[in-house]
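# Secondary and tertiary structure notes
Each chain, written out:
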Amino acid sequence: MLASIRIALMTIRLVMRTKVALFFTFLFPIIFLFVYLGLFAHGNPAAVIYFFGPLVTLNIMGSGFWGLGMQSVMQRERGSLRRYRLAPIGPGTMVASNLLANYLLGLPTVALLVVCAMAFFHMPLQISLLALLVLVTAGTFAFAGFGLTIASIANTMQEAQVYNNVVWFALLFLSGVTVPLPMLPHWIQRFAAFLPATYLVTSFQAIMVRGDSLFAHGAEMLVLLVSGTFGLLFAWKLFRWEKEEKISRHAKLLALSCIIPFLVMGVWMNARGNLTAAWAETFSMMSRPPLSGEQPAAPTDANLLADFESPQEAENLLKRWQISTEASAAGHSLGELDLVSPGAAGTAHALRFKGHVAPAPDSDHGNVAVRYTFSLTPRDQGPRGIQFDVRGDSRLFQVKVEPPTSAFATPALSFVPDSDWQTVRLPAAWLAKPAGSSPTGTTWVLEILADGPPGDFKLDLDELRLY
Amino acid sequence: MPNENNSAVVHVQNLHKRYGNLEALRGITFEIKPGEVFGLLGPNGAGKTTAIEILEGLRQPDSGTVTVCGMDPAREKGALKERIGAQLQATVLPDKIRVQEALELFAGFYHQSASIEVLLERFGLAEKRRAFFEKLSGGQKQRLALALALVNNPELVLLDEPTVGLDAQLRRDIYALIEQFRTEGRTTLLTTHYIEEAERLCDRVAILDHGQVVAMGTPRELVHSSGKGTRLEVRLAKPVLPDRLKQLDAVVDCREAEGRYFLHAQPPARAVAALMRFLEAEGNALLDLHIAPPTLEDVFIEMTGRRMEA
């Protein structure tokens, strides 16, 4: 153990002396933080919180695959492991020292990311330091295991790069690291349940955005730790000191078994059935105020767009709400609108959007949408966004606001209601603005889409207003 | 730290090792006594590195028995590594590690270690203690490799081609360092393909070729046991057939290379007289004559029928 610590500390010292290593260990993650949060969070602190987990995951993955894994192969190819082989230390010492060095270099990087996200993107730290440490530790352990497993089965640098790229890109795009999971097709979300990065990303998001306890994600942490253990055991058993030593095909196949924990977890999570709904709920909470930190100003009546309180007005309002079951997208889906009592926050009425989602016989997809057209009067300061209260069946809905004719695809925000009223917020940054226009002074269409598996749905909506 | 009893520090019996179709070692047998400097001499591919790596516990033999410091290298690697020091043919360390750091790092792996300060002084690295490995010259790197081999104050030192790639002056510097090992009573095994190195440094030498020990003894014994005797290197005014020179009195062997004739003679004085008579009778003339005592290379040629190519 002492020898592992000695080598790890020396490795850290060597990194500090190498400009390229310093850049990729500390500076590059910070640059990436600005690019990533700048692109995805649009200055919305709630979105910063949501995307911070994927950012940290990306960093941990990068150091596991491209830092630790590739460095191990490079050391072997260069011949610098041979000298260690003459000393009274074994492969376990080398693997442990690699893991330790990677971990000790990763912690300050994550700390830097936290500080920068708080200082420059006003991210409230909605996670205890202990939970953050546990997540980073489990993630580092898992991806160090993967990186070192790949390093142990790859015979050359080129081979390691090929293996790394295959795994890297799959994790990058299919596990919520770059593209939020609820924005991906349903079947990809189900596939994502088999990918290790998914558990780190979604655990970060559930804890930071939804306020879950760390213990609620014990299974995910356990899977990451078990998988990491598998990987490190393989790295230890397959460790090679010299490039001349080649690994057998049989051993390569055996190394694949470190994905077993994720296969088990994936099957289990898919069988539970509420997987994607939970992800969608977390995603939708980007539109809610942060759990702590600066709160937006309370809405005023001047901001009210629709509250369905006057039955007379409600009749008029209903005319402005339209059900869309456009054949190519809706299949055999149906929808209808009604007024129900009581409404949200002790009011008398709310709008009920209900119906049935059913795909056409030759399709596996169907949806039904309700659209509401409204105008915003010019004002000195544009609104921060649009909000409304919802309750209903616990299934996936999507909302977006766009001009009547939009030249480009508008991003939709997903939410999952439950039996209690809750507020959904769509930040102004999510409004599809025509080039050169402001959110005010334009006609807008709010669209709420009932999507997801076939079946009946019900959604009550009230208190549509600007905030 | 010399071995205090007289039992062999290294005992190798009928060692075999094969890599696929290549038989690297074909039943080699030798012993190294305490305090002895023993050389494995042979061309590249003779099996020297395989043999030394088996002794270091880095490779497993296919068959045969090996005992190093009373231990089986394959089964007692950890304990054995505490008692031996080894130097690789090419030692590669991280570019940005400093000389002193490397010595301290490796010293930290052992239960007992030599004084880093003493090693730095002894191997002429004191002034380079803060230098990065990448900035060291070839000779300095090799001296650091030797210092690393002594970092645990070992009783047996295994050196694999310690001077390969170095120029003559640097080689002589390394020889001086290795000669100190003998005065300290350390047992030393070195592999080399330099005749000069084996003759100067080794108490005993085993000549290896194609995985077999073709001759073994002190350099003097080996040379004297050679039936070929003294070597005469001759340049003549007119070419002659080597077979005709071979038939001269006291000439044991003759071959021709690049216009020169290499005669092995025993005794040499009679051979020189016979050569002069032959040249006079043939109307030929002697342009150059060089007389050299037999070397290990001659022994190698005698045993294998070819020169020892590096």
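Residues numbered from 1 in each chain as written. Chains lettered and ligands numbered in written order. Predicted model: local features only at pLDDT ≥ 70, side-chain atom pairs only at ≥ 80, totals over all residues.

This brings us to the interface of chain A and chain B. Counting residues at the interface gives 16 residues for chain A, matched by 20 residues for chain B. Of all the secondary-structure elements, those providing two or more residues to the side of chain A that touches chain B are α1 (2–16) and α4 (82–85) of chain A. Counting residues per element, the side of chain A that touches chain B draws most heavily on α1(A), at 4 residues. When its residues are assigned to classes, the side of chain A that touches chain B shows 7 nonpolar, 3 polar and 6 charged. (Contact = placed C-beta atoms within 7 Å. Helix = DSSP H or I, 4+ residues; strand = E, 2+ residues; numbered from the N terminus. Nonpolar A, V, L, I, M, F, W, Y, C, P; charged D, E, K, R; others polar.)

This part is about the packing of helix α6 (residues 129–153) of chain A against helix α10 (residues 218–237) of chain A. Residues and elements named next belong to chain A. At a closest axis distance of 7 Å, the pairing of α6 and α10 adopts a crossing angle of 30°. What the angle tells us is that α6 and α10 run roughly parallel. Viewed along their axes, α6 and α10 form a crossing whose handedness is left-handed. Along its contact with α6, which presents V134, A138, G139, F141, A142, A144, G145, F146, L148, T149, A151 and S152, the element α10 presents M221, L224, L225, S227, G228, T229, F230, G231, L232, F234 and A235. Of the residues contributing to the contact of α6 with α10, the split by class is 15 nonpolar, 8 polar and no charged. (Axes fitted to C-alpha atoms, helices over the stretch in contact; angles between N-to-C directions. Parallel < 35°, antiparallel > 145°, perpendicular 65-115°, else oblique. Left-handed = near helix turned anticlockwise from the far one by under 90°.)

If you look at the biggest cluster of nonpolar residues, it comprises 194 residues, and the most contacted ones within it are A:V48, B:L103 and B:A147. Ranked by residue count, the leading element in this core is helix α3 (residues 45–78) of chain A, at 15 residues. Counting residues in each nonpolar core, the second largest holds 12 residues, with B:L232, B:V234, B:L245 and B:A265 among its members. (Core = buried A, V, L, I, M, F, W, Y, C linked by C-beta atoms within 7 Å. Buried ≥ 20, exposed ≤ 12 C-beta atoms within 10 Å, placed from the backbone.)

Residue and element names in this part refer to chain A. Strand order in the open sheet made by the 5 strands is β2-β5-β10-β7-β8, with antiparallel pairing throughout. Lying at the two open borders of the sheet, with one neighbouring strand each, are β2 (321–324) and β8 (413–415). Across this sheet, the average inter-strand angle for adjacent strands is 25°, counted without regard to direction. Alignment of strand β5 (residues 368–375) against strand β10 (residues 443–450), held across 8 bridges, turns out to be antiparallel. Across the sheet, the residue bridging to Y372 is L446, located in β10. (Pairing = 2+ DSSP bridges.)

By the assigned domains, chain B splits into domain 1 (10–224) and domain 2 (227–293). Distance between the C-alpha centres of domain 1 of chain B and domain 2 of chain B: 40 Å. (Domains from an automatic or database assignment.)

This part covers the sheet that holds strand β12 (residues 260–265) of chain B. Residues and elements named next belong to chain B. Read from one edge of the open sheet, 4 strands run β11-β12-β10-β13, paired in antiparallel fashion. The open sheet is flanked by β11 (251–257) and β13 (286–292), the only strands paired with a single partner. Pairs of neighbouring strands in the sheet enclose a mean axial angle of 20°, with direction left out of account. Note: β11 against β12, 6 bridges, orientation antiparallel. In the strand pairing of β12, C254 is matched with L263.

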